Amino acid sequence: MPSDPQPLASTEIADRIGFARLTKRAFDGENLFPLWQELMSKVDAGTATAGEQLDLALLTQLFGHKQAGLSVQTETLAQHRLYRSPCSSAQPRMRVLALAADIDMGGNTPIEFLLETSGIELLTLYVVDGAPLPDPLPPHDVAIVIASDSDECRGALAAIDARAETWPAPLLNAPKLIRHLDRDKLYRLIGDVDGLDIPATIPVSRDALAAVADGSATLQDTTDGVAFPVIVRPRGSHAGFGLARIESCAALTAYLAERTEPEYFVARYVDYASDDGLFRKYRIVVVDGKPYACHMAIADRWDIWYLNAGMAQSASKRLEEAAFFHTFDFGFARRHRTALDGMIARIGLDYFTIDCAQTPRGDLLVFEIDNTAVVHNMDSPELYPYKPPQMTKIFDAFAAMLERHVAARRQSVA
């Protein structure tokens, strides 16, 4: 069992390699096992710093051992909760305090990627159950909540929300707004926005789905009218984990035979194939109210995300993605302006991402809106020469947003 969280002194800052650098090294194919062994040796000898222990927790997750990595992370955070990421400047022009939760590596906004070359110092404060936020808070110019809407983050979001009104600096991505992003809440928030299609997402228990599968209940009665074919996924899952298109009771029986989760989300399936039979899925980044193109994945399968679309193997797909980037402002964004403006106003967050597609009738089909999707510049500039300028545009917009809030706060108290 993890030990009880210890009181936090605001001046105690542990340095770490961090998410961005370790993930990039893994992405590039570097063998990180020697580093893992080195950090494990320090832990065994009792000489590891808190930052090294947190890096070890991340490496363990990157190796595919999620629960073991989380155990190391939870034990580490019980003793130390404030960390500093590498900064590109020896004299940072600003300090950002990111407010994170004790969750797996995909559960907090990977903010290091956004600030990696900005010359802005990043501190991350982990808000853990059973430990109050430090008082006073660590010195910072602006804060941003990077915890997600996941069930594991509820305690952290509540603790931050309790202090939000008296926060000593601008506080971005307010926790009360992040709570609207869960799939079964999101469609209620934005479902009536003009030009937008977001299927109702219905939470259903495993027992209820099993009753549909064996014929003792109907799918429509169980889901308030949703009929086959449907999309089913475990509740709280992301990145396509456990995602399936189910077209019959027999298919539902086979699906449940391979899954153990107690709760699921069910939504109607929307065929969003283009005229050429290919599926196109877009990631849009919203920074300070403005949408930016992040990526475009093209595949012959509906369950598409960037890593399974074969973009690296197809020059024609990359050419189309490059065109999407170059024409976004006067093409995609203008075509879907009503839907995008309506969504952005309803969501209200300072920074978030939209995973979406276009339906054959021209509506914007929303799959997911999130504050923790990975927005990075790790792809090969030789293979994707159009990506670095676009990612830099997003990163610069993020830094400019932070600077705007800091300047506005300083002006208000002058």
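Residues numbered from 1 in each chain as written. Predicted model: local features only at pLDDT ≥ 70, side-chain atom pairs only at ≥ 80, totals over all residues. Heavy atoms only, no water.

## So, unusual backbone geometry
In this structure, proline 136 follows aspartate 135 across a cis peptide bond, with omega equal to 5 degrees. The residue proline 136 is located in the loop between strand E4 (121-127) and strand E5 (142-145) in this model. Here the bond from phenylalanine 228 into proline 229 is cis, since omega is 0 degrees, no more than 30 degrees from zero. Residue placement: proline 229 occurs in the loop between helix H10 (219-222) and strand E9 (230-234). Positive phi is not limited to glycine here, since asparagine 173 has a value of about 55 degrees. Residue asparagine 173 is classed as buried on the basis of its relative accessible area of 1%. (Helix = DSSP H or I, 4+ residues; strand = E, 2+ residues; numbered from the N terminus. Buried < 20%, exposed > 50% of the residue type's maximum accessible area, 1.4 Å probe, protein only.)

## Digging into empty space enclosed by the protein
According to the stated counting rule, one finds 2 cavities of 30 Å³ or more in the structure shown. Roughly 280 Å³ of internal volume is contained in the largest cavity. Lining the largest cavity are 21 residues, with Arg16, Phe19, Met105, Asn108 and Tyr126 positioned closest to its centre. Elements supplying a minimum of two residues to the lining of the largest cavity: helix H3 (50-62), helix H5 (111-115) and E4. Top contributing element to the lining of the largest cavity by residue count: H3, with 4 residues. Within the lining of the largest cavity, the residues separate by chemical class into 11 nonpolar, 6 polar and 4 charged. Put simply, the second largest cavity is a space of about 120 Å³. In terms of lining residues, the second largest cavity is bounded by Ile17, Ala20, Arg21, Ser85, Pro86, Cys87, Ser88, Glu112, Leu115, Glu116, Ile120 and Leu122. (1 Å grid on protein atoms, 1.4 Å probe; cavity = no way out; pocket = protein on both sides within 12 Å on 5 of 7 lines; lining within 4 Å. Points joined across faces, edges and corners; volume = space filled by probe spheres on them. Nonpolar A, V, L, I, M, F, W, Y, C, P; charged D, E, K, R; others polar.)

By themselves these figures say nothing about function.
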